Amino acid sequence: MTFANEPILELRRAWVRDGLRDALTALDRELPLDVPVLVGGDARRAPSLDSTDPGRPDRVVARATVATADDVEAAIAAARRGQPAWAARGARERADVLVRAAALLRDRRPRLTALAVRECAKPWAEADADVCEAIDFLEYYARDAVALDDGEDLLQPPGERNAMTYRPRGIAAVIAPWNFPVAIACGMTAGALVTGNAALLKPAEQSPGCALELVSALHEAGVPPDVLALLPGEGDVGAALVRHPAVHVVAFTGSSAVGREILREAGTVRDEDLHLTHVVAEMGGKNCIVVDADADLDDAVPAIAYSAFGFAGQKCSACSRVLVHEGIADTLVERLGGLLDTLVVDQAERFGVDVPPVIEAASQERLERHVAAAAQAGATVRRGAAGPGGGWFVAPTLITGADPGSPVAREELFGPVVVVEAVPSVDAACDVLDTLPVALTGGLFSRNPDVVRRVSARVPVGNLYLNRHITGAMVGRQPFGGNRLSGTGTKAGGPGYLRHFVESYVVCENTMRHGLVV
Amino acid sequence: MATDAPAPPALEPDIRALGRSLDAAFPGAARRPRAAAEDLVTARLARRPELRAALFRLVDVAPACRTPAELGEHLAGLLSDVPPEDPAARVGRRLGRGRATAPLTGRVAAVGIRQMAGRFILAEHPQEGAGTLADLWRRGVASSVDLLGEATVTPAEADRYAARCDEALTVLSREASAWPAQPILEADSAGPLPRVNLSVKVTALTPMIREADPSIGVADAAPRLRHLLRRARDLGAHLHVDIESMASRETIMRLVLELLAEDEFRAGPSAGVVLQAYLSDSDEVAAEILDWAERVPRESPLTIRLVKGAYWDHELVEARQSGWRPPVYETKADTDRNFERLTRTLLGAHAGGTPIRLAVASHNLRSIAHALAYARSLALPDRDLELQVLRGLGDDLHDALAAHGLRVRAYCPIGDLVAGMAYLVRRLLENTANDSFLATRASGADLDSLLTAP
């Protein structure tokens, strides 16, 4: 059966919106969710870590029990116990389990979507896309794992039988972010599980509720309790997992700072170690959109706005810098600046919202610091609506005239803030991209096929989008992952991703015996 | 709502006779040599999809090229996607790449594009277009003016578009007052019809259309549209609100029906909406409009312009990418059949006393003949049916219709070339689509088969 993306909701239909409103009302009655530590089928409940609605921080969405060092040890022990049998079940059976989990998530789409709206302030369209992507990961990796199980075709000269197959690494620690609270946690966990590993999931402290729904669905679908643990908590839980000598592979998506720490820690080989710790890391970017003089600004301006301000700029793929040809820079700035006034800055649950609140107070403070520093350094700052009071809202912001070497121009902002800078040519824009240490996504607006070809061949980014917005990679359509310091070069939702969760085994048999090929 | 029954078989002979008679009234190619030559080129382009794509992309980018050399370079770049065996591509590539020849090639291309644009776009400004509108009027062809513009992404752009509409109403009202009387064009059985007719786009009146909450766009566009409705009422002009893609449909319908129901617009202006027959739920929309017309007492009946729909590729691609059931019929014949069903529904409602007027906007002789024959079968006078064509595509057709004493209106875009490109490309695509009535006819298809029920 071929893979097809889960259809997203048609929010332009009133009855679809009514269904989601009902789901949110039903969910609200259940809040807060109780998120236990789940290890080996046991649930330990001593809630102490709250996730709250970023738009109304007095609303507690989930109360999570924080995993202790003992929980981590127990989870490792359970994984050691259960993993060999899980591996022995074979790829096809594990794939069936994933497909069942996908079906469960599909049944629960409205509820899960509502939860992502509440817990992470994802607007409906973004929350829906998040849940669909989770389903896509399950369905896509299920098919890919079956194909991987066939092994590779090798040369087979007479007298020799060669085979190359894959086996799970063993135990995977999955450290997931809050910005795609269902999809990314699901993708990394599914990749580990379907290839026969045990998975220990440490969700972001901001989104334990979404993680619980995911883990529950996987368990219900048939993932044995021993091979999938839920370990809520903060950074120390993740650090304990990364340090643990029994962990074979760490799958991480998150900030560059944490990613580097993981790579350092995982790179330390102790005398008693029996394996290297393999790291799959997806980190940040400084994603730029390049706009050539022949671009159609009718398309480019809305696409930049959506890439920079959608979900308040909190996607790894979001645009935070625009490099525009000086011939049309003034027009672009005028139109993008005017567009700021049209952005709906409001609660995520409001249909039609453009800019929801950012995830937490610390993000709000960090972004305001960046904007203030740029203004102080002489840059021109233009801002849209501030949003309603009470939540962690940040007004969408356009900065021009910033020093190209300043923090706003070089650092990932992860908020609704974009810097626009005029450049003399597309090639000069490419030179700028070359100086950046990160290379996740990028965009180009040009209507000259020669320029499109030249830029596509040259820029270092892992995902380049031509004449469209630069967010919203789809499983099986745009395998996603960055180059340079943006990650370890893996492409989530694409061919080759599962290889990171397995080791390769080559067996060569001599079939010549007494001069006879047997 | 729309009856599912096919056109009454008894009507078929009338439809065929009307179609033949209209066809015979088409002016020959000799009267419009350039248009005829362009039609020939576009008919050939339909068979060379890569070249067609390259040339359309060139037309699209032309206004953004600052020098002829830049346009030449674009031409060369675009032609490199065309199969190497195509001679036009080979020559164009060589000339467009050469340092000496690129500017000249660009200049030639620019002239060609300007000429083509001139066929579809009346003028840059309403004042400059007024003469042509008066000529059309004298020849028995009314008009609806559409102001082309860049996409509206800021409030200032929405204000500017509204101001241009306001100005166009003023200029056209002044001009039209001097036009001679044209009894066929100025009244139907429901009463007088304004000479000045302006088509407006809601997506240009607000930058805030959000498909997940139509009320946001309605609230933002309402003050601007209300102002234009007042101006049209005071000047005695007709205001027609165009429809675009599904992303804005609910916003547009809600906005127009809400505003027109307001007390201050009870006495006017004459106004209209558009119904797209390619949408598979168009019968529900028709029912909603008819229900509104029954409920809301207004002095002049609501005009419903029935079209097939100009965003078919867009709707289909968006649906495919999102995993949705396409909102449009996937075959031309299904759309044509639905067009006829809706024609009968709306004419039936009109004959039954629902205060609506029908404008059938199609270049398909079968669709037009069907509407006329059905209207006559309901004993409606011909003047109760308006026929609309697009400037540049339907010029021969409007002459043929006027020659038959039918009430015809040409949709006339006005605006500069930069703003007109999106419009121009859509029209060119339409003209070279393999299954369009005009292309089929231009390629010499048998008239009787074209007049057969879809």
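Residues numbered from 1 in each chain as written. Chains lettered and ligands numbered in written order. Predicted model: local features only at pLDDT ≥ 70, side-chain atom pairs only at ≥ 80, totals over all residues.

Draft legend 1. Molecular detail of the overall build of chain B. In terms of regular secondary structure, chain B is built from 20 helices and ten strands. A globule of 454 residues ought to have a C-alpha radius of gyration of about 22 Å, and chain B, at 22 Å, matches this closely. On the principal axes, the C-alpha backbone points of chain B span a range of 65 × 55 × 50 Å. A burial count over chain B gives 50% of its 454 residues as buried. In chain B, once contacts between residues fewer than 6 apart in sequence are set aside, the share between residues at least 24 apart is 75%. (Helix = DSSP H or I, 4+ residues; strand = E, 2+ residues; numbered from the N terminus. Rg over C-alpha atoms; globule rule 2.2 N^0.38 Å. Buried ≥ 20, exposed ≤ 12 C-beta atoms within 10 Å, placed from the backbone. Contact = placed C-beta atoms within 7 Å.)

Draft legend 2. Focus on the overall build of chain A. The helix and strand tally for chain A stands at 15 helices and 23 strands. Expressed along its principal axes, the backbone C-alpha trace of chain A runs to roughly 80 × 60 × 50 Å. Here chain A holds 518 residues, and 56% of them are scored as buried. If you take every contact in chain A between residues at least 6 apart in sequence, the share linking residues at least 24 apart comes to 75%.

Draft legend 3. Seen up close, the domain arrangement of chain B. Per the domain assignment, the segments of chain B are domain 1 (9–25 + 122–437) and domain 2 (32–117). For domain 1 of chain B versus domain 2 of chain B, the distance between C-alpha centres works out to 32 Å. (Domains from an automatic or database assignment.)

Draft legend 4. Broad picture of the environment of valine 408 of chain A. Residues and elements named next belong to chain A. Within the element layout of this structure, valine 408 appears in helix α13 (residues 407–410). Owing to 24 C-beta atoms within 10 Å, valine 408 belongs among the buried residues under this scheme. With ten residues separating them along the chain, valine 408 and valine 418 place their C-alpha atoms 8.3 Å apart. Discounting chain neighbours no more than four positions away, the residues touching valine 408 are His370, Ala374, Ile399, Ala402, Leu413 and Val419.

Draft legend 5. Highlighting the sheet that holds strand β15 (residues 397–400) of chain A. All names here are of chain A. The seven strands are arranged β14-β15-β16-β13-β12-β18-β19 in an open sheet whose pairing can be described as mixed. Where the open sheet ends on each side, the last strands, each with one partner, are β14 (380–383) and β19 (463–466). Mean inter-strand twist for the sheet, computed between neighbouring axes without regard to direction, equals 20°. (Pairing = 2+ DSSP bridges. Axes fitted to C-alpha atoms, helices over the stretch in contact; angles between N-to-C directions.)

Draft legend 6. Geometry of the interface of chain B and chain A. Opposite the 31 residues of chain B that make contact, chain A presents 28 residues. When residues of the side of chain B that touches chain A are traced back to their parent elements, those giving at least two are α3 (49–61), α4 (68–79), α8 (155–176) and α12 (246–260) of chain B.

Draft legend 7. Structural context of the packing of α3 of chain B against α4 of chain B. Residues and elements named next belong to chain B. Look at α3 against α4: their axes get within 9 Å of each other, and the N-to-C directions meet at 150°. On the basis of their axis angle, the class for α3 and α4 is roughly antiparallel. In the crossing of α3 with α4, the sense of the turn from one axis to the other is right-handed. Contacts from Ala54, Arg57, Leu58 and Val61 in α3 reach His74, Leu75, Leu78 and Leu79 in α4. (Parallel < 35°, antiparallel > 145°, perpendicular 65-115°, else oblique. Left-handed = near helix turned anticlockwise from the far one by under 90°.)

Draft legend 8. Inspection of helix α9 (residues 256–267) of chain A at higher detail. Residue and element names in this part refer to chain A. Taking 1.5 Å of rise per residue, the twelve residues of α9 would be expected to cover 16 Å, and the 16 Å separating its terminal C-alpha atoms lies within 8% of that figure. Along α9, the residues that are buried comprise Gly259, Ile262 and Ala266. With its buried residues spanning 60° around the axis, α9 presents them on a single face. Exposed and oriented more than 90 degrees from the buried face of α9 are Ala257, Arg264 and Gly267. Looking at the buried residues of α9, the elements they touch are α8 (235–243), β10 (249–253) and β11 (278–282). (Expected span 1.5 Å × (residues − 1). Arc of directions from axis to C-beta.)

Draft legend 9. Molecular detail of the nonpolar core. Residue and element names in this part refer to chain A. Of all hydrophobic cores here, the largest spans 180 residues; its most connected members are Leu138, Val174, Val182, Leu200, Leu201 and Val250. With 15 residues, the top contributor of residues to this core is helix α5 (residues 124–149). Looking at which domains feed residues into this core, each of domain 1 (34–49 + 61–283 + 487–505) and domain 2 (287–466) gives three or more. With sequence-adjacent residues up to four places away left out, leucine 200 is seen in contact with Ala75, Ala79, Ile171, Ala173, Val174, Ala229, Leu231 and Leu241. (Core = buried A, V, L, I, M, F, W, Y, C linked by C-beta atoms within 7 Å.)

Draft legend 10. Fine view of helix α17 (residues 395–403) of chain B. All names here are of chain B. Most of α17 sits out of view: seven of its nine residues are buried. Here α17 has its buried residues at Asp396, Leu397, His398, Asp399, Ala400, Leu401 and Ala402. Considering only its buried residues, α17 is in contact with α1 (12–24), β1 (141–147), β9 (385–390) and β10 (407–414). Immediately downstream of α17, the backbone of glycine 405 shows phi near 70°, a positive value.

Draft legend 11. Molecular detail of the pairing of strand β5 (residues 56–65) of chain A. Residues and elements named next belong to chain A. Where strand β1 (residues 33–35) meets β5, three bridges bridge the pair, whose relative direction is parallel. Bridging across to β5, valine 35 finds its partner in alanine 64. Two elements, strand β4 (residues 47–53) and β5, share six bridges in a ladder whose sense is antiparallel. When the sheet's bridge partners are listed, aspartate 53 is paired in β5 with arginine 56. Hairpin connection between β4 and β5: a loop of two residues separates the two successive antiparallel strands.

Draft legend 12. Local environment of the sheet that holds β5 of chain A. Residues and elements named next belong to chain A. On the basis of which strands lie adjacent, the open sheet formed by three strands has the order β1-β5-β4 and mixed pairing. With one partner strand each, in any of the chains shown, β1 and β4 form the two edges of the open sheet. The mean angle between the axes of side-by-side strands here comes to 35°, regardless of whether they run parallel or antiparallel.

Draft legend 13. Highlighting the domain arrangement of chain A. All names here are of chain A. Segmentation of chain A into domains returns domain 1 (34–49 + 61–283 + 487–505) and domain 2 (287–466). One C-alpha centre belongs to domain 1, the other to domain 2, and the line joining them spans 32 Å. Listed per partner, the contact involves eleven residues of domain 1 and 13 residues of domain 2. Secondary structure elements with two or more residues in the side of domain 1 that touches domain 2: α4 (109–120) and α5.

Draft legend 14. Just unusual backbone geometry, in detail. A cis geometry characterises the amide bond from leucine 31 of chain A onward to proline 32 of chain A, with omega recorded as -5°. Mapped onto the fold, proline 32 of chain A is located in the loop between α1 (14–30) and β1. A cis amide bond links glycine 268 of chain B with the next residue in sequence, proline 269 of chain B, at an omega value of 10°. By the element assignment, proline 269 of chain B lies in the loop between α12 and β6 (270–276). Its identity as a non-glycine residue notwithstanding, phenylalanine 414 of chain A has a phi of 55°, on the positive side. With respect to the helices, strands and loops of the structure, phenylalanine 414 of chain A is situated in the loop between α13 and β16 (417–423).

Draft legend 15. Representation of the packing of α4 of chain B against helix α6 (residues 102–120) of chain B within the structure. Residues and elements named next belong to chain B. Between α4 and α6, whose axes approach to 6 Å, the crossing angle comes to 85°. In this view, α4 runs roughly perpendicular relative to α6, as classed from their interaxial angle. Touching Pro68, Ala69, Glu70, Leu71, Gly72, Glu73 and Leu75 of α4 are Ala102, Pro103, Thr105, Gly106, Arg107, Ala109 and Ala110, all from α6. In the contact of α4 with α6, the residues fall into eight nonpolar, three polar and three charged. (Nonpolar A, V, L, I, M, F, W, Y, C, P; charged D, E, K, R; others polar.)

Draft legend 16. Just the environment of aspartate 296 of chain A, in detail. Structurally, aspartate 296 of chain A can be placed in the loop between β12 (287–291) and α10 (297–309). Here the alpha-carbon distance between aspartate 296 of chain A and serine 446 of chain A, two residues 150 residues apart in the chain, equals 7.8 Å. For aspartate 296 of chain A, the residues in contact, after removing those within four places along its chain, are Arg447 of chain A together with Ala64 of chain B.

Draft legend 17. Region of the structure containing the environment of valine 425 of chain B. Within the secondary structure layout, valine 425 of chain B lies in helix α18 (residues 417–432). When near neighbours in sequence (up to four residues on either side) are disregarded, valine 425 of chain B contacts Phe56, Val59 and Asp60 of chain B.

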